[in-house]
Structure formats: structure tokens, C-alpha cells
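Each chain is listed here by its residues.
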There are 2 protein chains.
Amino acid sequence: MKKYQIKADDQVTLSKFDPDDTDNFKKTASDKEKAKTQTKSYTKKIQQLQERLYANGKYSLLIILQGMDTSGKDGTIKSVMSCVNPQGCQVATFKTPSEQELKHDFLWRVHYSAPEKGHIGIFNRSHYEDVLITRVHGKISDKIAKQRFEQINAFEEMLSENGTTIVKFFLHISKDEQKKRLEERIRNPEKNWKFNIGDIEERKFWQDYMDAFEDMIRATSTERSPWFVIPANRNWYRNLLVAQIVASALESMKLKMPAAPSNIDFATLKIE
Amino acid sequence: MKKYQIKADDQVTLSKFDPDDTDNFKKTASDKEKAKTQTKSYTKKIQQLQERLYANGKYSLLIILQGMDTSGKDGTIKSVMSCVNPQGCQVATFKTPSEQELKHDFLWRVHYSAPEKGHIGIFNRSHYEDVLITRVHGKISDKIAKQRFEQINAFEEMLSENGTTIVKFFLHISKDEQKKRLEERIRNPEKNWKFNIGDIEERKFWQDYMDAFEDMIRATSTERSPWFVIPANRNWYRNLLVAQIVASALESMKLKMPAAPSNIDFATLKIE
């Protein structure tokens, strides 16, 4: 798990991370089953710890998911996070900004969607789009990108100082794997609806995206708000890692069930 | 299931509904297990149908939960709805309105929280509080209450005409059962945090609440937006009924996976 965490000031080279990596797991049916069983034990842990998070109502967890089209952002949420109580979990998806959103700074809509105390918030895409797609298409200069990195770090530090634990996942797939997944969306009528012709256009900028991701991860992985580069060609290994890291993030919060309200004398209280 | 659905213009008498009712299920361990197994098959159904709802992105489901304190609103959401993909589900809890909310009509904050297309929305309490607690404490007259019933019916009809299927649950517990549950919150340190001294105060108005609920259900159960009176003394039976009714509501929407986008020629499309 630690091996995928990017330390502050790490000069990450994305091409050194193998999207096909499954570490100690072989790519066999039996190892895949083993991974799934482990994932289940982590989602159980997440479920238990979410209850404490909710009961306390003081802290929150923010999970940020980024990655190329078809990298499995939706799939990760479905597979790993369908275990949680929806009353304590919000997912925010950030698509092309609306006209109104564009009238504000790029962090405005994101800040509004930050998880409330006691909750888990999941960002499916995020403010990081504003240093990715915008950059790849030359909508912002390198200078502005650098400024935004600093603004993002300050923003996330503020959230963290106010009780939000943050984990950020870059779901790392290979260009070949994307091809397979896009073809599957074309081939399989059940998946046609997920096909977006724009994805083919963006795919042409693959290397530019990789450069932008690399730069982003280098500049915005901090101790309090780390990036994890998740090898994501294999869904089952991706799910295992994400579940493990989310469970561990919740554990690191050392949550206890809250103490009884001090203004009530439970010893003498009687219900008529 | 049908036996708990209130038809439009039914002159419901709440006292005729037994909160302890478990219909064909005996109150034995083995029947309880049987009910739990059935509940699981319904939550599986909900999971599958939610995916179609989401993929279509055209319709939504709104689930409204009302009931006395400790009647199991939170527990129902946790037990029945933890199966869903949080990306397609939002829970809105309506507590005492904020100062800003009070500056608007009572439906304003509720409307804002209505589920988006493709999603399941859950209201933990709702606009119905404005014909319940307000009424019990004489904050609104019978005339205003009647007016609000009409306004609520018009509001829900509008939602329904715009693609939202609505199901409303009154979780019906007995006064004795509430006593047990409040005592459990006092006795069990793990549950202390849920204890609210205000609940004891409200409990004194039990009969007034029953009258207000009865009136509300009579006035606002419609064909398109029916109330279900759920016997809720037994959590396992409550969960079974709610899961069954939610699954059936989703089924009644006759959702199919959406057709492929018509502007794309899937037969000739090639990925480079």
C-alpha cells in the first residue's frame, strides 16, 4: 500500500508505474478470489468506521478520484463504496462547469461540495480537472497551472486543518487497456450508454495527459493530502488497494464512539 | 404489501394498525431469518434496478420516511439502503429549519433537495414535519394545515409528472416500544449519543402526534404518491416491507438499459 503513496516532493515518473501491477497477487482465478475476499474485509471495516465517523459528527473523509476516461472511477465507487450507509456519504461528480460555475473561481463549486462533518465525501473528478484538461488543451499557461497547484494545496490544507482527512487516487491504466474498454463499450449493447464520442478525441492527447498528471501529482502530493498511484488495469486489484487505503485512512482518524452528552444524568433519568 | 398501502380518500384509523404486526411471519428466530433472507433478495433487486435508473438518467425515485422519534428512520436507511451505489443516491435529513430556511415557504428547502434525474432520493423527515410538530404545538391552525395538505399534494404531483416516483413510509411503533428504545439509548453507552432529551418532551404529546399523523395520511395519500403504514416494532419486518415496496416501486418504472446514442455509428467505429 505504502508503495503506491507519493511522498511530498517526490519527483514521480509515471511511466515507472506499471498499470498492470498486481504486486504479490498472480493473475490467476484463485488469486483474484483471494483479493476479492480481502477487499470484502476492508469494506466491512469501512462500514464499521463510517458509523463512528457519523456518530462523532466532528470529522470527515474526502476521497478524490482522478484518471483517464474508462479508468474505473465509477466502477471503484460502485464496487468499494456501495457498502456505506448513504446517509453519511455524498458523491459529487464534476463535469464541464455550468455557466454559473464559470462565473466563479475554479474552487468555488468544489468547496460547496466538500463533505459535511461526520460524512464521507467522494469526488468523481474534482478541482484537479482545472490543471488537467484545461492544461492539455492550452486553456491555461504553465504559470497559471503552478499558481493553481499552490491554491489547491492551500485549500486542501485548510480542509485538513478543519477536520477533513483527504486521500487522492490516480487510477492508472495503460493506453492499450483504454482501447479495450472503449471497444467493449461499443461491442456490448449493455454498455453503449457509457460510450462518449468525446473520449476518442481526448485519447489522442494521451501523452499530454500523462505529463499533466505527473506534474499535478508532483506538485500536490503532501503529507496531509497524499496521492496514490493505483495500478488500475485489473479492477479487482484496484478495488483491493482503494478499499485498503480508505479503511486505513479511517483507522488513522482513531475514532471512538462519542461520549454521552454531559448535560444529561443518565443514572437517574426515567422514561414515563 | 398492498395491505399497508393507503388509498386516496381512505379514512385511515391509525389505532387499527398494529405496530407489532408481522403478518404471516411468526416472531420466532427461524421466521426472522426467513424474513432477512427475503429482504436480501429485495435489496439485490434494488441494486440492479438502481443501475438502470442511473443509466437512463431520466427518472428518479423519492423515498420519504416519517415516524416518531426512535421509530427507525435511520435504521431503515442503514439496513435497506446501504446496498445502493452512493453515486446515485442522496439522503436529505430535515432538522429544525435554519434562519435562512425560515425566510422561505416550507417547501423551499425540500424542493432544493429533490432527487436529480437518475437518482434515488431519501428524505429522512421531510416537508411533512410542517404539518406534524408545528401542528401538535399549535404553531399552525387547522386551516393552515389543510392548506398545506393541498400544497403538498400539488407539489408532489408536479414532481411525479416530471418523472419522480414517490413512496412514503410512516414507521408505526407503539408508545411502549418507544419507551424500550429510549431506555436502551440510556442504558447502552454505545447508543448514548443518539439520546436526545427533547424526545422525552415530545413523547408527552404522543396522542396529538398520532392524530396529526392520521390526518396527514388521510389528506396526502394519493395514487401517485401513496403512504404506507409500516408496522415497525420489529425491525426485521419493517426492513422486509420497506425493501419490498422500494423494489416494487422501481419495478413499476419498467426501466430498460438505455439505447445506444443514435448519432454514433457503432458498426463502423474504430479506436486507434
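Refer to the structure presented above.
Parameters and conventions
Residues numbered from 1 in each chain as written. Chains lettered and ligands numbered in written order. Predicted model: local features only at pLDDT ≥ 70, side-chain atom pairs only at ≥ 80, totals over all residues. Heavy atoms only, no water. Contact = heavy atoms within 4.5 Å. Buried area = accessible area lost by both parts, 1.4 Å probe. Salt bridge = Lys/Arg side-chain N within 4 Å of Asp/Glu carboxyl O. Polar contact = N/O pair within 3.5 Å; in protein donor to acceptor, adjacent residues only side chain to side chain. Helix = DSSP H or I, 4+ residues; strand = E, 2+ residues; numbered from the N terminus. Nonpolar A, V, L, I, M, F, W, Y, C, P; charged D, E, K, R; others polar. Buried < 20%, exposed > 50% of the residue type's maximum accessible area, 1.4 Å probe, protein only. Least-squares fit on C-alpha atoms with pLDDT ≥ 70 in both. Arc of directions from axis to C-beta. Axes fitted to C-alpha atoms, helices over the stretch in contact; angles between N-to-C directions. Left-handed = near helix turned anticlockwise from the far one by under 90°. Patch = residues over 30% accessible without salt bridge, like charges linked within 9 Å, V, L, I, M, F, W, Y side chains within 5 Å. Areas by Shrake-Rupley, 256 points an atom, 1.4 Å probe, with all protein chains shown as cover. Lys, Arg positive; Asp, Glu negative; His and termini not counted. Charge placed at Lys NZ, Arg CZ, Asp CG, Glu CD. Phe/Tyr/Trp six-rings, centres within 6.5 Å; stacked < 30°, edge-to-face > 60°. Lys NZ or Arg CZ within 6 Å of the ring centre and 35° of its normal. Pairing = 2+ DSSP bridges.

Each side of the interface is counted separately: chain B has 40 residues, and chain A has 40 residues. Both faces considered, chain B and chain A share a buried interface measuring about 3600 Å² in area, 65% of it formed by carbon and sulfur atoms. Per-residue buried area on chain B facing chain A is highest for Gln87, Trp193 and Ile271 of chain B; these three make up 21% of the total on that side. Among the salt bridges present, the one from Glu51 of chain A reaches Lys78 of chain B, with a minimum N-O distance of 3.2 Å. The tally of links between chain B and chain A comes to nine residue pairs in polar contact (both at pLDDT 80 or more). At the level of secondary structure, the elements contributing two or more residues to the side of chain B that touches chain A comprise helix H1 (29–56), helix H2 (73–81), strand S2 (89–93), helix H7 (175–187) and helix H8 (197–203) of chain B. Counting residues per element, the side of chain B that touches chain A draws most heavily on H7 of chain B, which supplies five residues. Class assignment of the residues belonging to the side of chain B that touches chain A gives a composition of 24 nonpolar, six polar and 10 charged.

Once that is clear, we can look at unusual backbone geometry. Notably, Lys254 of chain A is not glycine yet its phi reads approximately 50°, a positive angle. Relative to the helices and strands, Lys254 of chain A resides in the segment after helix H10 (235–251). For Arg125 of chain B, which is not a glycine, the phi torsion comes out positive at approximately 65°. Its place among the elements puts Arg125 of chain B in the loop between strand S3 (120–124) and helix H5 (133–136). The exposure class of Arg125 of chain B is partly exposed, given its relative accessible area of 22%.

Turning our attention to the relation of the copies chain B and chain A. Each copy superposes on the other: chain B lies on chain A with an RMSD of 0.0 Å after a rotation of 180° and an axial shift of 0.0 Å. These values place the two chain copies in the arrangement generated by a two-fold rotation axis. In this assembly, 100% of the residues forming the interface of chain B have copies in chain A that are likewise at the interface, indicating an isologous arrangement.

Residue and element names in this part refer to chain A. Relative to the assigned elements, Val242 resides in helix H10. Along the sequence, Val242 and Ile77 sit 165 residues apart, while their C-alpha atoms lie 9.7 Å from each other. Setting aside residues no more than four positions away along its own chain, Val242 makes contact with Thr76, Val80, Phe169 and Ile230.

Looking now at the pattern of salt bridges. Per the stated rule, a full pass over the model turns up 42 salt bridges over all chains. Residue Asp130 of chain A is joined to Arg148 of chain A by a salt bridge in which the shortest nitrogen-to-oxygen separation is 4.0 Å. Here the residue Asp130 of chain A occupies a position in the loop between strand S3 (120–124) and helix H5 (133–136), and Arg148 of chain A occupies one in helix H6 (residues 142–161), the gap between them amounting to 18 residues. No difference in accessibility class separates Asp130 of chain A from Arg148 of chain A, as the two residues are buried. Across the pair Lys180 of chain B and Glu177 of chain B runs a salt bridge whose closest N-O atoms are separated by 3.8 Å. Of this pair, Lys180 of chain B and Glu177 of chain B are both found in helix H7, three residues apart, which corresponds to roughly one turn of the helix. Taking relative accessible area as the criterion, Lys180 of chain B reaches 54% and is therefore assigned exposed. Where salt bridges share partners, they join Lys3, Asp21 and Asp23 of chain A into one cluster.

Moving on to helix H2 (residues 73–81) of chain A. All names here are of chain A. For H2, the full list of buried residues reads Lys73, Thr76, Ile77, Val80 and Met81. Taken down its axis, H2 places every buried residue within 100° of arc, on the same side. Summarising the contacts, the buried residues of H2 are in contact with helix H1 (29–56), strand S1 (60–67), strand S2 (89–93), S3, strand S4 (164–172) and H10.

When two helices pack together, their arrangement is given by the angle between the helix axes and by the axis-to-axis distance. Residues and elements named next belong to chain B. Across the interface, H2 lies against helix H10 (residues 235–251) with an axial gap of 10 Å and an inter-helix angle of 60°. Between H2 and H10 lies a crossing whose hand is right-handed. In this structure, H2 contributes Gly75, Thr76, Ser79 and Val80 to the contact, and H10 contributes Arg238, Asn239, Val242 and Ala243. Looking at the contact of H2 with H10 residue by residue, the class counts come to three nonpolar, four polar and one charged.

Where like charges cluster on the molecular surface, the positive patch consists of Lys32, Lys36, Lys40 and Lys44 of chain A together with Lys32, Lys36, Lys40 and Lys44 of chain B. Elements with a minimum of two residues in the positive patch: H1 of chain A together with H1 of chain B. Among the secondary structure elements, Lys40 of chain B is positioned in helix H1.

This part is about the packing of aromatic side chains. Under the definition given, this model contains 18 aromatic pairs over all chains. With a centroid separation of 6.2 Å and an interplanar angle of 75°, the aromatic rings of Trp236 of chain B and Tyr237 of chain B are classed as edge-to-face. Side by side, Trp236 of chain B and Tyr237 of chain B carry an identical accessibility label, which is buried. Among the aromatic residues, ring-to-ring pairing joins Tyr4, Phe25, Trp236 and Tyr237 of chain A into one connected group. The residue whose ring lies beneath Arg148 of chain A is Phe106 of chain A, and the NZ or CZ to ring-centre distance is 4.7 Å.

Residues and elements named next belong to chain B. If you trace the five strands from one edge of the open sheet to the other, you get S2-S3-S1-S4-S5, paired in parallel fashion. Every interior strand has two partners, whereas the edge strands, S2 and strand S5 (227–231), have only one. Between one strand axis and the next, the sheet turns by 20° as a mean value, whatever way the strands run. Looking at chain direction, strand S1 (residues 60–67) and S3 are connected through five bridges and run parallel. Looking at S3, one finds that Leu61 is bridged to Ile120. Along the sheet face, helix H6 (residues 142–161) touches S1 and strand S4 (164–172) and points at about 135° away from the line of S4.

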